[in-house]
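As a plain string of letters, each chain reads:
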Amino acid sequence: MAITPVTILQSAADAMPNWVSRCMASVADWSRHQGYNYHCIGDKLFDWVTPGLRAKLHDRKPILADLARLRWIESELAVRGGLVVWIDADTLVVDPTWNMPDWTHTFFGEECWVQRTAEGAWRAFQSPHNAFMGFTAASPVLGFLVYLSESIIERADAAHIAPQMVGPKLLKALNNLSHFTLVPEAGAVSPELLAEWVGEAGPATACYEQAARAPLALVNLCSSLTHSEAAVQQVGQFLARHGA
């Protein structure tokens with residue numbers, strides 16, 4: 001059970017795929033088991049983005065969500081204190097016994113992204129991601145990250161805003177300078193690696209294993225890359241394997 005009060009935040013549209021709903025159920029169940037507070041909202045998440053930025057981004061929901069989650073975390077910290085953690089809706093809990101790191105004021109998930117390079121070799125790219133991130137009121141990072149993220153979008157050419165400009169790309173750049181506390185147990189799996197995890201192990205699995213990663217507790221399944229029937233089927237097999 002949690003000693004430091006922990007609040008888990010999630011958001012998803014009402015019309016979400018069934019597999020995303022199952023992922024969220026795994027997070028809600030884990031939260032209850034661990035004694036964490038759990039809150040989920042729908043598109044009201046975007047109300048945390050200023051009207052000016054919402055108008056500029058139009059329907060760029062992934063970027064809107066990157067901004068909104070930070071403001072929502074700020075608000076929850078002001079009301080509840082303790083530790084407030086955001087978890088993306090397409091994240092599955094695979095180890096419900098795992099406890100949240102509550103000993104630091106700031107942390108982010110760390111992914112080991114396995115993919116084939118243009119030369120045909122397999123590489124594992126390890127970097128922070130914002131599908132899992134937590135802050136306490138003592139964090140010197142959260143307020144700065146809010147300011148920097150909003151400032152970047154305000155100054156950017158609306159026609160040239162990259163999808164992860166204020167998400168993983170920004171965190172990777174900042175981590176090179178700041179060396180954040182990263183949580184490898186909260187990772188993400190590439191479609192190529194997932195295909196082998198639910199099928200036969202191959203070069204992607206070998207590449208991942210060479211990285212000597214800690215066992216995963218939460219896995220982000222990257223819904224933005226899960227569109228084909230085969231990809232959805234693989235995700236479904238992975239969920240079923242983990243009782244979701």
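An account of the accompanying structure is given in this report. Note that the structure is a prediction, hence the values are computed from the model and not measured. Every chain's residues receive numbers from 1 upward, in the order its sequence appears when written. The predicted nature of this model means local features are confined to residues of pLDDT at least 70 and side-chain atom pairs, given and counted, to a pLDDT of 80 or more, with totals for whole chains, interfaces and linings taken over all residues. Side-chain metrics rest on all non-hydrogen atoms present in the structure, leaving aside hydrogens and water.

Okay, unusual backbone geometry next. Unlike most non-glycine residues, histidine 179 shows phi in positive territory, near 55°. Overall, the relative accessible area of 62% leaves histidine 179 in the exposed class. Phi at alanine 212 takes a positive value of approximately 50°, unusual for a residue other than glycine. Strands are runs of DSSP state E lasting at least 2 residues, helices are runs of H or I lasting at least 4, and numbering of each runs from the N terminus. If you trace the backbone, alanine 212 turns up in the loop between helix 7 (203–210) and strand 9 (218–220). A simple rule labels every residue: compare its accessible area, found with a 1.4 Å probe on the protein chains alone, to the largest value its type can have, and call it buried under 20%, exposed over 50%, or partly exposed in between.

Next up on the list: the pairing of strand 3 (residues 83–87). Counting buried positions over the five residues of strand 3 gives five, a clear majority of the element. The side-chain alternation of strand 3 yields two buried faces, one formed by Leu83, Val85 and Ile87 and the other by Val84 and Trp86. Following DSSP output, two strands are said to pair if at least two bridges run between them. As judged from the five bridges shared by strand 3 and strand 6 (residues 122–136), these two strands associate in the antiparallel manner. Looking across to strand 6, one finds that isoleucine 87 is bridged to phenylalanine 132.

So, on to the packing of helix 4 (residues 142–155) against helix 5 (residues 168–178). Only C-alpha atoms enter the line fits that serve as axes; for helices the fit covers just the stretch in contact. Angles between N-to-C directions range over 0 to 180 degrees. As a packed pair, helix 4 and helix 5 sit with axes 12 Å apart at the nearest point and diverge in direction by 125°. Relative to helix 5, helix 4 is oriented oblique. For helix 4 against helix 5, the interelement crossing comes out right-handed. Within the contact between the two elements, helix 4 uses Phe144, Leu145, Leu148, Ser149 and Ile152 and helix 5 uses Leu170, Leu171 and Leu174. Side-chain classes are defined by residue name, with Ala, Val, Leu, Ile, Met, Phe, Trp, Tyr, Cys and Pro counting as nonpolar, Asp, Glu, Lys and Arg as charged, and the others, Gly among them, as polar. Looking at side-chain class alone, the contact of helix 4 with helix 5 contains seven nonpolar, one polar and no charged residues. In what follows, roughly perpendicular refers to angles from 65 to 115 degrees, roughly parallel to angles under 35, roughly antiparallel to angles over 145, and oblique to any angle outside these ranges. Each helix crossing is assigned a hand: it is left-handed if the near helix lies turned anticlockwise from the far helix by less than a right angle, otherwise right-handed if that turn is clockwise. In what follows, a contact means two residues having at least one pair of non-hydrogen atoms within 4.5 Å.

If you trace the six strands from one edge of the open sheet to the other, you get 2-1-3-6-5-7, paired in mixed fashion. The strands lining the two open edges of the sheet, one partner per strand, are strand 2 (37–41) and strand 7 (182–183). Inspection of the sheet shows strand 5 (residues 106–116) paired to strand 6 by eleven bridges, in the antiparallel sense. Counted as the bridge partner of glycine 109 is histidine 129 from strand 6. Across the face of the sheet, helix 3 (residues 61–80) comes into contact with strand 1 (6–11), strand 2, strand 3 and strand 6 while running at roughly 35° to strand 6.

What follows concerns the pattern of salt bridges. Salt bridge criterion: a side-chain nitrogen from Lys or Arg within 4 Å of a carboxyl oxygen from Asp or Glu. For the structure on display, the rule yields nine salt bridges. Across the pair aspartate 47 and arginine 54 runs a salt bridge whose closest N-O atoms are separated by 3.3 Å. For arginine 80, the salt bridge goes to glutamate 76, with nearest N and O atoms at 2.5 Å. Separated by four residues within a single helix, arginine 80 and glutamate 76 lie in helix 3, roughly one turn from each other. The class of arginine 80 is partly exposed, set by a relative accessible area of 37%. Through salt bridges with shared partners, a single network forms among Asp66, Arg69 and Asp88.

Disulfides are defined in this document as cysteine sulfur pairs within 2.5 Å. All told, the structure shown has zero disulfides when counted by the stated rule. With no disulfide of its own, cysteine 23 lies 11 Å from the sulfur of cysteine 222, the closest cysteine sulfur.

For the rest of this paragraph, the subject is helix 5. Three or four residues apart is the spacing at which side chains of an α-helix point the same way, because the helix has 3.6 residues per turn. Turning to helix 5, its buried residues are Pro168, Leu170, Leu171, Leu174 and Asn175. Projected onto a plane normal to the axis of helix 5, the buried residues spread over an arc of 150° and lie on a single side. Residues Asn176 and Leu177 are exposed on helix 5 and point more than 90 degrees away from its buried face. Looking at the packing, one finds that the buried side of helix 5 touches strand 5, strand 6, helix 4 and strand 7. Think of it as the arc spanned by the lines of direction from the helix axis to the C-beta atoms.

Functional significance is not addressed by these values, which are geometric in nature.
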